[in-house]
Amino acid sequence: MITSSQMRAARALLGIDQKTLAEMSGVSLPTIQRMEASGGNVRGIVDSLTKVVDALNRAGIDLIGDNARSEGGGRGVRLKAPAPGRTEQS
């Protein structure tokens, strides 16, 4: 549904901190912190995750999944697949 990297990038694009995202989504700050600390896909209660995704959508963030086309306009970023022999962290 959403990766921890996407959450951090979405916050950066909006210029907000974790506390603001928690307030926008109606979930607790520790929940946002745990979601962003998870590796890869965010793990958590589906209801909380849905609230965060909905809040980001309302704020103008278009989350793009792997190999999905982005038909909308506006600024944004997309992470390319890592080159062979290179990991996402290096």
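Basis of the calculations
- Residues numbered from 1 in each chain as written.
- Predicted model: local features only at pLDDT ≥ 70, side-chain atom pairs only at ≥ 80, totals over all residues.
- Heavy atoms only, no water.
- pLDDT = per-residue confidence, 0-100.
- Helix = DSSP H or I, 4+ residues; strand = E, 2+ residues; numbered from the N terminus.
- Expected span 1.5 Å × (residues − 1).
- Buried < 20%, exposed > 50% of the residue type's maximum accessible area, 1.4 Å probe, protein only.
- Arc of directions from axis to C-beta.
- Contact = heavy atoms within 4.5 Å.
- Salt bridge = Lys/Arg side-chain N within 4 Å of Asp/Glu carboxyl O.

Undergrad: I tried to follow the confidence of the model for the chain on my own but got confused; where do I start?
TA: If pLDDT is low for a region, its predicted coordinates should not be looked at in detail. Model confidence for the chain is summarised by a mean pLDDT of 84, while 81% of its residues fall at 70 or above. Here helix α1 (residues 4–14) is the element of the chain with the lowest mean pLDDT, 92, and helix α2 (residues 18–25) is the one with the highest, 97.

Undergrad: Would you mind showing me how to read helix α4 (residues 46–58) here?
TA: What sets the pattern is the α-helix's 3.6 residues per turn: residues three or four places apart point alike. Taking 1.5 Å as the rise per residue, α4 with 13 residues should run 18 Å; its terminal C-alpha atoms sit 18 Å apart, in good agreement. Taken residue by residue, α4 has S48, L49, V52, V53, A55 and L56 as its buried positions. The arc enclosing the buried residues of α4, seen along the axis, measures out at 160°, which places them on a common side. Exposed residues pointing more than 90 degrees away from the buried face of α4 are listed as V46 and R58. In this fold, the buried residues of α4 make contact with α1, α2 and α3 (29–37). Count one or two residues on from α4 and you reach G60, which has phi positive near 105°.

Undergrad: What exactly am I supposed to notice about the pattern of salt bridges here?
TA: Proximity of charged atoms lets side chains of opposite charge pair with each other. This structure, assessed with the given rule, holds 2 salt bridges. The partner of K51 in a salt bridge is D47, with the nearest N and O atoms 3.6 Å apart. Residue K51 and its partner D47 are located together in helix α4, separated by 4 residues, close to a single helical turn. Residue class for K51 comes out partly exposed when judged on its relative accessible area of 35%.

Undergrad: Just to check I follow, could you spell out α1 for this structure?
TA: Taken residue by residue, α1 has S4, M7, A10 and R11 as its buried positions. Projection of α1 onto a plane perpendicular to its axis shows the buried side chains occupying an angular sector of 125°, all on one side. Buried residues in α1 make contact with α2, α3 and α4. One or two positions beyond α1, positive phi appears at G15, with a value near 70°.

Undergrad: Would you mind going over the environment of I32 with me for this structure?
TA: Positionally, I32 belongs in helix α3. With a relative accessible area of 0%, I32 lands in the buried category. Sequence separation between I32 and L49 is 17 residues, and the spatial gap between their C-alpha atoms is 9.2 Å. Setting aside residues no more than four positions away along its own chain, I32 makes contact with M7, Q18, L21, A22, S25, V27 and V52.

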